[in-house]
Every structure is written in C-alpha cells, then in structure tokens.
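Residues per chain are reported as follows:
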Number of protein chains: 2
Amino acid sequence: MNSWRPIGIIGGMGPAATADFLSRLVVAVGATGDSGHPRVFVDSNPHVPDRTSARAAMGPSPGPALAAMAQGLVAQGAEVLAMPCNAAHGWADDIRAAVPVPFVDIVATAVAVVLKKPVRKVGLLAIGATLDARLYHDRLAAAGVATVDPDRAAVEALVARIKAGDSGADVRDAMAQQAAFLVDAGAEAIIAACTEIPLVLDAAAVNVPFVDATQTLVDALLIAALLH
Amino acid sequence: MNSWRPIGIIGGMGPAATADFLSRLVVAVGATGDSGHPRVFVDSNPHVPDRTSARAAMGPSPGPALAAMAQGLVAQGAEVLAMPCNAAHGWADDIRAAVPVPFVDIVATAVAVVLKKPVRKVGLLAIGATLDARLYHDRLAAAGVATVDPDRAAVEALVARIKAGDSGADVRDAMAQQAAFLVDAGAEAIIAACTEIPLVLDAAAVNVPFVDATQTLVDALLIAALLH
C-alpha cells in the first residue's frame, strides 16, 4: 500500500473546479480502501480577489490571500500544495515565498505533457488573466512551441456560465466550438488552461490532442506526494 | 447574493464520499458566480481509526481523531461543521465536546426528512457500525417508526467495493437488490445511511421513497451556514 505526504489544495477558484479536482484526485490514487489514500486538506475560498480584475490593475492582488491560504494549509499539516486554478498561478511566487513546502505548478505540469507531443503550435483555451500573464506563452515559447490565443470574450462568457452552474449541452457545444476555432487557426493540440473548461469539454470533443491541465496537476501532485 | 459562515467538513470516511459531498454542496449553493459560495475547509483524513473495528471493541476509538480534526477546521476559520460519514456519528459527542461551533448531524437531518413522510417502517441501508450504535434505530423508534436491518455482510461487501473505486453496473445492481430486500421485508422507505451508498444508488433504482442521508446533510448544512 502506498503512503503519502499530506496534500493541501488552495481552492475555490472556482468551487466546482475544486470539487472536480478532489474527485479526480481520489480516483487517480486508485487505492483499494480508505487507508491507502493521502490525507487531503482543502481550503475552498471563493473570496480570493478576482484574478482578471487584478491582472487589469482594476482590483487588489490575490497574492496575499493565496499566501495566507497556503500558510493555513501547511499549519494544518500539508506537506505539498497544489492550486486548481490556472489564472491564479500568476501569483504562484507569492505562494512559494510564503511556505517551505513544494508547490506543484499547473502550468509546469501541463506544459510538460504538451512537450511530450510532437506539436509546434498549441491552442490555449484560457481566460484573459492567464493569457495576459503569459503563463503558457512564455514557457511554451522557451521550448520552441508557438501558441494560438482564443476568442477570450467568448471563452470568458462560457466560463462565467460554468461558474453559475451551467454545464449543459449548449455550453458544451460552444466550448467545443472554441476549441475548433483554435484548430482552424493552426493549433495541433489544445490545452484546457482553465479548470472550469474540463467540466464541459473532454478529449472526445476535440479532434487534436487535448491536454487537460487539471488532470496533469492531479497526476503530478500524486507523484510529488508519494512517499513509497 | 447570499453570505455564509465558513464551513468545515470532517471527511475522508471515505475519500470518494467526501468528494461527492463537496460536489453536491457546490451544486446546492446555486450561486451565479464564485463569490456567492461559502468558504469551505475540508479535512479528508482517511486515517481515522476504523469505525467498525472500534464498534466491535477490536480497535481504537475514532473519537480523539475526529475531535482533533474538528479543532483543526475551527482553527482554520470554520464556524459550522459537518461530517459525511454516518458510522462516525457514533462519536459525534466527541466532536461536540471539542469545539464551540454547531455540528450538523447527518442522522438528525436524515431522520427529519424521513419523518415528513407518512411511513411506519423504514429500511436502513447501512454498515454494521451504524446499526450496532443504533444511530438510526433509536431516533426513529422514539418517533414511532420501526426499522428493517439490511443483510449487513452483503452491504459491507458492496461498500468495500465502492471504497476500492468500483461503482460499476454490478455494484449498482447489487445495491439496488439490497434495497429491494428491505422493501420485501416491509420497508416503506429506504435510508441510504452510508455515504458510499449514493455513489451507486439513487431514487430511480428504489421503488419506495428514498432518503439519501448525504443530501439531507448538504441541505441542512447550507441552512445552518446561511447568514443572509
């Protein structure tokens, strides 16, 4: 039976994406009973200052709130942290500076999976705060991979509907269409670079390789948490 | 927009049931965006001493671990607590004694829903630790409602399969059959009195009123957490 470091999840951005992350973590552990699972502390905090407003210099930074959440999780006993929100990784350095435990970075884990694929141009299904911070652009460019930006207004409108609880067929079809636009623009793979997106989109709806950043974080987090 | 007390979830018994609880909580809030949700702290601790062993006096009490989890959640900021595990409610008094905040009791919430129905005899889909502690028997008897016990070995074997990640058609059919046995024995309603059970059974699979204790806890917890 595996044993694990206690995990801390800096969550709530949004709450449904955090619940999805926890569910996937449980499945990915693949234990045969309760005691084979890691202990997981979650702070699902939907009151972290808005990432899009902060990126546009129209609101406070989420950095201090994220750092305080990280410290709270470590105080509870967490020995490795992850945050199922791409845009909030624009403030990942605030988290790293606040705690002495490893922080598994969703951008790094998603890019690592992309770079295993023979692709030269990747479509970013993401919101503006992620795009403006160039979280994916710069890492991919450094590896010689070009990017295609989405229709950010359209993607953000769909993410807002998901955050309002709508994951119905209309939203699913519209998100698949946004992915198709990226493919039309030359993307040879798609990154679901917003944790709300896989709530309505999966590989079956995309006709190029589909990298679900959330799942890459689940997988890498369990590797980081594994003791033996 | 509603505002909420921070919620603490004493979880991990088992981990999939806790993830299911968090997912349902997010859906039940019904907010139109992140900021309409409550802050939720989760301690998913799969290392709480086994409830069945403890009930059989063959292992340590889970009480101290549950009390410590409750204290940790309150230290994080939780102002109302709930625990998505029926059997562990045999040690609910340890939790109540450990913290000064309300603890919403799944047995109380499920029984309250049962008592709104015109039923005289209720089937308990539960494991031995819940049955032996008479968590449901005594409360229902006090209200004049009789109970029917399940084939505990069969239910426990199915719960073990669910805890091992199997929620496939075989487990679903077998759990529905256990519910049907209770109906055959005179049950006029069924309580899913183990938080793994609704992972494989819903009202559509049962031909009498079906009370999902997990959902009653979600609903009552949100009422307890609502500020305005």
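Residues numbered from 1 in each chain as written. Chains lettered and ligands numbered in written order. Predicted model: local features only at pLDDT ≥ 70, side-chain atom pairs only at ≥ 80, totals over all residues. Heavy atoms only, no water.

Colleague: Teacher, can you tell me more about the interface of chain A and chain B here?
Modeller: A common way to report how large an interface is uses the accessible area buried once the components associate. Taken together, the contact pairs 33 residues of chain A with 33 residues of chain B. Summing both sides of the interface, chain A and chain B together bury roughly 2,500 Å²; the carbon and sulfur share of this comes to 51%. Interface area lost by chain A to chain B is led by Asp-34, Arg-39 and Gln-76 of chain A, which between them contribute 23%. The interface formed by chain A and chain B holds 6 salt bridges in total. A salt bridge links Asp-34 of chain B to Lys-163 of chain A; its shortest N-O distance comes to 2.7 Å. Applying the counting rule to chain A against chain B returns 9 residue pairs in polar contact (both at pLDDT 80 or more). Contributions of two or more residues to the side of chain A that touches chain B are made by helix H1 (15-29), strand E2 (40-44), helix H3 (63-76) and helix H8 (152-163) of chain A. The dominant element in the side of chain A that touches chain B, judged by the number of residues it contributes, is H1 of chain A, at 6 residues. Counted by class, the side of chain A that touches chain B contains 16 nonpolar, 12 polar and 5 charged residues. Where E2 of chain A lies against strand E2 (residues 40-44) of chain B, 5 bridges are found, and the strand directions are antiparallel. Counted as the bridge partner of Ser-44 of chain A is Val-40 of chain B from E2 of chain B. (Contact = heavy atoms within 4.5 Å. Buried area = accessible area lost by both parts, 1.4 Å probe. Salt bridge = Lys/Arg side-chain N within 4 Å of Asp/Glu carboxyl O. Polar contact = N/O pair within 3.5 Å; in protein donor to acceptor, adjacent residues only side chain to side chain. Helix = DSSP H or I, 4+ residues; strand = E, 2+ residues; numbered from the N terminus. Nonpolar A, V, L, I, M, F, W, Y, C, P; charged D, E, K, R; others polar. Pairing = 2+ DSSP bridges.)

Colleague: Quick question: what am I supposed to make of the packing of aromatic side chains here?
Modeller: Working definition: an aromatic ring pair is given by the centre-to-centre distance plus the angle between the planes. Scanning all chains against the criterion turns up 0 aromatic pairs over all chains. If you follow Arg-55 of chain A out to its NZ or CZ, it ends over the ring of Trp-91 of chain A, 4.5 Å from the centre. (Phe/Tyr/Trp six-rings, centres within 6.5 Å; stacked < 30°, edge-to-face > 60°. Lys NZ or Arg CZ within 6 Å of the ring centre and 35° of its normal.)

Colleague: Looking at this structure, I do not really get the relation of the copies chain A and chain B. What am I missing?
Modeller: Each copy of the chain is related to the other by a rotation around an axis and a translation along that axis. Rotating chain A by 180° and moving it 0.0 Å along the rotation axis overlays it on chain B with an RMSD of 0.0 Å. Classification of the inter-copy transformation places it as that of a two-fold axis. Within chain A, Val-42 of chain A has its C-alpha nearest the rotation axis, a separation of 2.4 Å. Taken together, the interface assignments show that 100% of the residues at the interface of chain A recur at the interface of chain B, consistent with an identical surface on both copies. (Least-squares fit on C-alpha atoms with pLDDT ≥ 70 in both.)

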